[in-house]
Amino acid sequence: MSDVFEGYERQYCELSTNLTRKCNSACLLSQGDEKKGKLSEIKSGIDEADVLIRKMDLEARSLQPSAKASCLAKLREYKSDLNQLKKEFKRVSSPDANQSSREELMESGLADPHSVSADQRERLTMSVERLDRSSDRIRESRRTMLETEEIGVAIVQDLSQQRQTLLHAHTKLHGVDDAIDKSKKVLTAMSRRMTRNKWIVTAVIVALILAIILIISFKLSH
């Protein structure tokens, strides 16, 4: 899996968790500046989540088929999660959300505090489940990141060992080169001596021949 995709994935999971918490806290606020500020933060976070989803989409489609399928499957889950966040934001940001809820309860005769509590518990349970899913994704991303880091460290150590081996081999080769240079010098010196000795022997032979010729000529003349 791409390291770039995993980076976007971690950012999205953390952002999704924060947005879920902000939506839950915004539900408890009455209309006012505080709620407007909270809704503005949620809106900015959703826009940022949209950007991360698009980045993950582009990165996933550029991967090899073996990694592409799993990344696209995760991406579908994140898109579904983001749609849920958008629905929750729309519900929370509705100006008459609280009033509409009260009117529905009055009309349906469900103004019973036990029913209200049950509805709130159901929403809280859904929010907690979404938080748990986001937390699981964050833990999975961190686990993958740690595994990738361990693999990276192992590769670096292996490369370091290979570098030491290459340096050792280079040192040996350097020593062999020195030995070869010395051998070349010795062979050159021996070749020169052999050439010099050859000329000396040749000169001696020529001198002996000349001496023999002179002796024979001298005897013949007398």
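Residues numbered from 1 in each chain as written. Predicted model: local features only at pLDDT ≥ 70, side-chain atom pairs only at ≥ 80, totals over all residues. Heavy atoms only, no water.

The name given to the protein chain in an unreviewed UniProt entry is Vesicle transport v-SNARE N-terminal domain-containing protein, with Arabis nemorensis as the source organism. Database annotation for the protein chain, UniProt heading Subcellular location (unreviewed entry): "Prevacuolar compartment membrane". (UniProt positions renumbered as here; feature names shortened; annotations may be inferred.)

In this structure, what is going on with the overall build of the protein chain? I would like to understand it.
Within the protein chain, the secondary structure is distributed over five helices and zero strands. Going through the 222 residues of the protein chain one by one, you find that 22% of them count as buried. For the protein chain, long-range pairs separated by at least 24 residues make up 76% of all intrachain contacts whose partners lie at least 6 apart in sequence. Put simply, the protein chain shows about 16100 Å² of open surface, and 59% of that area lies on carbon and sulfur atoms. (Helix = DSSP H or I, 4+ residues; strand = E, 2+ residues; numbered from the N terminus. Buried < 20%, exposed > 50% of the residue type's maximum accessible area, 1.4 Å probe, protein only. Contact = heavy atoms within 4.5 Å. Areas by Shrake-Rupley, 256 points an atom, 1.4 Å probe, with all protein chains shown as cover.)

When you look at the packing of helix α2 (residues 33-61) against helix α3 (residues 65-93) in this model, what are you seeing that I'm missing?
Think of two packed helices as two axes; the pair is described by the angle between the axes and how far apart they sit. Contact geometry of α2 with α3 gives a least axis separation of 10 Å together with a crossing angle of 165°. It follows that α2 is roughly antiparallel to α3 by the angle criterion. Handedness of the α2/α3 crossing: left-handed. In this structure, α2 uses K35, L39, I42, K43, I46, A49, D50, I53, M56, D57, A60 and R61 to contact α3, whose residues at the interface are K68, C71, L72, L75, Y78, K79, L82, L85, K86, F89, V92 and S93. Classifying every residue of the contact of α2 with α3 gives 15 nonpolar, one polar and eight charged. (Axes fitted to C-alpha atoms, helices over the stretch in contact; angles between N-to-C directions. Parallel < 35°, antiparallel > 145°, perpendicular 65-115°, else oblique. Left-handed = near helix turned anticlockwise from the far one by under 90°. Nonpolar A, V, L, I, M, F, W, Y, C, P; charged D, E, K, R; others polar.)

How should the packing of helix α1 (residues 3-27) against α2 be read in this particular structure?
For the pair α1 and α2, the least separation of the axes is 9 Å and the interaxial angle reads 155°. Judged by the angle between their axes, α1 and α2 are roughly antiparallel. With respect to the hand of their crossing, α1 and α2 are arranged in left-handed fashion. Partitioned by chemical class, the residues of the contact of α1 with α2 number 16 nonpolar, three polar and eight charged.

Sorry, what's going on with the confidence of the model for the protein chain here?
Close inspection of predicted coordinates is inappropriate in any region flagged by low pLDDT. Put simply, the protein chain has an average pLDDT of 79, and 78% of its residues get 70 or more. When the elements of the protein chain are averaged for pLDDT, helix α4 (residues 97-108) gives the smallest value, 47, and α2 the largest, 89. Every residue in residues 100-116 is under pLDDT 50, and counting partners more than four places away or in other chains gives six contacts. (pLDDT = per-residue confidence, 0-100.)

Sorry, what's going on with the pattern of salt bridges here?
Pairs can form between side chains of opposite charge once their charged atoms are near each other. Applying the stated criterion across every chain, the model contains seven salt bridges. Residue K74 pairs with E9 through a salt bridge whose shortest N-O separation is 3.3 Å. Separated by 65 residues along the polypeptide, K74 in helix α3 and E9 in helix α1 bring together distant segments of the chain. Of the residues examined, K74 reaches a relative accessible area of 21% and is grouped as partly exposed. Since its relative accessible area comes to 3%, E9 is described here as buried. (Salt bridge = Lys/Arg side-chain N within 4 Å of Asp/Glu carboxyl O.)

What exactly am I supposed to notice about the nonpolar core here?
For soluble globular proteins, the rule of thumb is that nonpolar side chains tend to be buried together. By size, the foremost hydrophobic cluster in this structure holds 25 residues, and its most contacted members are Y12, I42, I53, M56 and L82. Going through the elements one at a time, α1, α2 and α3 are the ones with two or more residues in this core. Those residues in contact with I53 that lie beyond four places of it in its chain are Y12, L75, Y78, K79 and L82. (Core = buried A, V, L, I, M, F, W, Y, C linked by side-chain atoms within 4.5 Å.)

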